[in-house]
Amino acid sequence: MTISLITGITGQDGSYLAEALLERGHIVHGVVRRTSSLDRSRLAHLYANLDIYDKQLFLHYADLNDTTAIRRILAKVVPAQLFHLAGQSHVGVSFEIPEVTCDLNGMATLRILEMLREMPHPPRFLHASSSEIFGDASERPQTETTPLNPTTPYGCSKAFATQLVRTYRRHHNLFACNSISYNHESPKRGENFVTRKICRAAASIKLGLQKRLCLGNLDARRDWSDARDIVRGYMAVIDHHTADDFILSSGQMHSIRELATIAFCSMGLKWEDYVDVDEKFFRPSDPAELCGNCEKARHVLGWKSTRSFSELIEEMTCAEYDWLRMGQR
Ligand code: NAP
């Protein structure tokens, strides 16, 4: 049985990945940090399953900057695969906390790579890199060979880690891969991301719990995928016979305006009647429009995204509606 270790198991991607690996029969170990509340809602259904929790799924405490704890977990678990997903994942917030962002996303990845280098049989390693490494990109769509040119603290931290993964693969012969994913969403997306904010507001307005929604640049466009498709991509990247880097994207751009149209429409509403625009929500440095060319992943791994943007946004909005109606969130 394959033993997999996930950092960031409580996050959007980590929780879907845990489900997918458990379904494949893997023994799954996850790294969780100590918090004052034990509300790990994305994993609640797995905790509650007595056939899984502490039998096929195990959790270990460590913070990303706690080298001794992570080293100890690696020695105890001896994973065959390590999915490194933990980090400060919010681009906008990275302008507020650049130092923490660079330490968690950049230096922590370096520290883990150093630990792997010392192991007699290091696990296969996947780093969750991001399209933000391309920043003010010199070409569109971007490929795995597009030069790195990040324009945000988050992008800089991911570029640093991405390049180190390449370096350790080349110079230390580690099976180390970068999945370079573009924005991906789901009903489990964090509440301070714009997709979730819009879907939630549409549902909330429909239920009479909220009156208006304030947004930034409605013309900003992103290459959005479904998080469950991206997680399938993570597994395909780490299972491939050769360690390599792969872009995981939909290859299609959609604007915030389109997103709002779909979300409000799925609640039988018109977004124009409820949305205000405020420049304070514009990004200090909005990168050029990033769009990924995932031809290599399609051709080499047989990977492609399966769900359309409108299906995804409708699902997210309906999930918000159900949760709000039942008073669960
Ligand atoms: P997420 O929902 O924000 O999850 C982040 C995870 O990292 C959580 O489990 C969080 O734990 C953990 N974490 C944060 N700081 C930590 C620390 N100091 N020590 C230990 N764990 C810590 O992010 P996601 O959307 O699943 O994304 C997964 C990875 O993919 C991230 O590295 C992200 O940057 C990258 N990525 C995401 C996207 C996207 O659109 N989603 C796109 C490109 C790349 P808590 O639950 O305790 O906070």
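Residues numbered from 1 in each chain as written. Predicted model: local features only at pLDDT ≥ 70, side-chain atom pairs only at ≥ 80, totals over all residues. Heavy atoms only, no water.

Engineer: Please explain the domain arrangement of the chain as it appears in this structure.
Structural biologist: Accessible area lost on assembly of the parts is the figure often given for the size of an interface. Looking at the assigned domains, one finds that the chain contains domain 1 (3-184 + 226-248) and domain 2 (190-222 + 253-290 + 308-328). One C-alpha centre belongs to domain 1, the other to domain 2, and the line joining them spans 27 Å. Between domain 1 and domain 2, the residue contacts involve 20 residues of the former and 14 residues of the latter. Taken together, both faces of the contact between domain 1 and domain 2 bury some 1300 Å²; the carbon and sulfur share is 53%. For the pair domain 1 and domain 2, the interface holds 2 salt bridges. (Domains from an automatic or database assignment. Contact = heavy atoms within 4.5 Å. Buried area = accessible area lost by both parts, 1.4 Å probe. Salt bridge = Lys/Arg side-chain N within 4 Å of Asp/Glu carboxyl O.)

Engineer: So what exactly am I meant to see when it comes to the pattern of salt bridges here?
Structural biologist: A pair can form between side chains of opposite charge whenever their charged atoms are brought close. Evaluation of the coordinates by the stated rule reveals 23 salt bridges. Asp-226 serves as the salt-bridge partner of Arg-307, at 2.7 Å between the closest nitrogen and oxygen. Of the two residues, Arg-307 sits in the loop between α9 (295-301) and α10 (309-325) while Asp-226 sits in strand β10 (residues 225-226), which places them 81 residues apart along the sequence. Ionic contacts of the salt-bridge type, sharing partners, join the residues Glu-191, Arg-196, Arg-200 and Glu-320 into one network. (Helix = DSSP H or I, 4+ residues; strand = E, 2+ residues; numbered from the N terminus.)

Engineer: Honestly, the site of the ligand in this entry has me stumped. Any pointers?
Structural biologist: Inspection of the region around the ligand gives 26 residues, with Thr-10, Arg-33, Leu-85, Ser-89 and Tyr-154 positioned closest. At 3.2 Å, a backbone N or O of Gly-87 approaches an oxygen atom of the ligand. Here a nitrogen atom of the ligand and a side-chain polar atom of Arg-189 are 3.0 Å apart. If the ligand stood free it would expose 910 Å²; the protein chains cover 88% of that surface. Of all the secondary structure elements, the ones that give two or more residues to the shell around the ligand are α1 (12-23), β5 (124-130) and α5 (153-172). (Near = heavy atom within 4 Å. Polar contact = N/O pair within 3.5 Å; in protein donor to acceptor, adjacent residues only side chain to side chain. Areas by Shrake-Rupley, 256 points an atom, 1.4 Å probe, with all protein chains shown as cover.)

Engineer: It is not clear to me how the state of the cysteines should be interpreted in this structure. Could you clarify?
Structural biologist: What is meant by a disulfide is a covalent connection between two cysteines, made through their sulfur atoms. Taken as a whole, this structure holds 0 disulfides when the rule is applied. Cysteine Cys-177 remains unbridged, with the sulfur of Cys-294 as its closest cysteine sulfur at 17 Å. The exposure class assigned to Cys-177 is buried, which follows from its relative accessible area of 0%. The cysteine Cys-265 is free of any disulfide, with Cys-318 supplying the nearest cysteine sulfur at 11 Å. Using a relative accessible area of 53% as the deciding quantity, one classes Cys-265 as exposed. (Disulfide = S-S within 2.5 Å. Buried < 20%, exposed > 50% of the residue type's maximum accessible area, 1.4 Å probe, protein only.)

Engineer: Got a minute to help me understand the packing of helix α6 (residues 194-206) against α10 in this structure?
Structural biologist: Between two packed helices, both the angle of their axes relative to each other and the distance between the axes serve to describe the pair. Orientation of α6 relative to α10, taken along the N-to-C sense of each, is 50 degrees, at an axis distance of 8 Å. Put simply, α6 runs oblique to α10. Where α6 crosses over α10, the two elements pack in a sense that is right-handed. Contacts between α6 and α10 involve Thr-195, Arg-196, Cys-199, Arg-200, Ala-202, Ala-203, Ser-204 and Lys-206 on the former and, on the latter, Ile-313, Met-316, Thr-317, Glu-320, Tyr-321, Trp-323 and Leu-324. For the contact of α6 with α10, the residue count by class is 8 nonpolar, 3 polar and 4 charged. (Axes fitted to C-alpha atoms, helices over the stretch in contact; angles between N-to-C directions. Parallel < 35°, antiparallel > 145°, perpendicular 65-115°, else oblique. Left-handed = near helix turned anticlockwise from the far one by under 90°. Nonpolar A, V, L, I, M, F, W, Y, C, P; charged D, E, K, R; others polar.)

Engineer: Looking at this model, I keep getting lost on the packing of aromatic side chains. Mind explaining?
Structural biologist: When we look at a pair of aromatic rings, we describe it by the centre distance and by the angle of the planes. Overall, the coordinates contain 3 aromatic pairs when judged by the stated rule. Relative to Tyr-53, the ring of Tyr-47 has its centre 5.0 Å away and its plane inclined at 90 degrees; by these criteria the two rings are edge-to-face. For Tyr-53, a relative accessible area of 29% corresponds to the partly exposed category. The ring of Phe-246 carries Lys-296 above its face, with NZ or CZ at 4.9 Å from the centroid. (Phe/Tyr/Trp six-rings, centres within 6.5 Å; stacked < 30°, edge-to-face > 60°. Lys NZ or Arg CZ within 6 Å of the ring centre and 35° of its normal.)

Engineer: What exactly am I supposed to notice about the pairing of strand β2 (residues 27-32) here?
Structural biologist: It is a general feature of regular strands that their side chains alternate between the two faces of the sheet. For β2, the tally of buried residues reaches 6 of 6 residues, placing the bulk of the element in the interior. Handedness of the crossover joining strand β1 (residues 3-7) and β2 through α1 is recorded here as right-handed. Alignment of β2 against strand β3 (residues 57-61), held across 5 bridges, turns out to be parallel. Residue pairing across strands places Val-31 opposite His-60, the latter belonging to β3. (Right-handed = clockwise from strand over helix to strand, strands pointing away. Pairing = 2+ DSSP bridges.)

Engineer: Which parts of the structure should I look at to understand the packing of helix α3 (residues 67-77) against helix α4 (residues 98-118)?
Structural biologist: Here α3 crosses α4 at 40 degrees, and the two axes come no closer than 11 Å. On the basis of the axis angle, α3 is oblique to α4. In this structure, α3 meets α4 at a crossing whose hand is right-handed. On the side of α3, the interface is formed by Thr-67, Ile-70, Arg-71 and Leu-74, while α4 contributes Arg-111, Ile-112, Met-115, Leu-116 and Glu-118. Residue composition of the contact of α3 with α4, grouped by class: 5 nonpolar, 1 polar and 3 charged.

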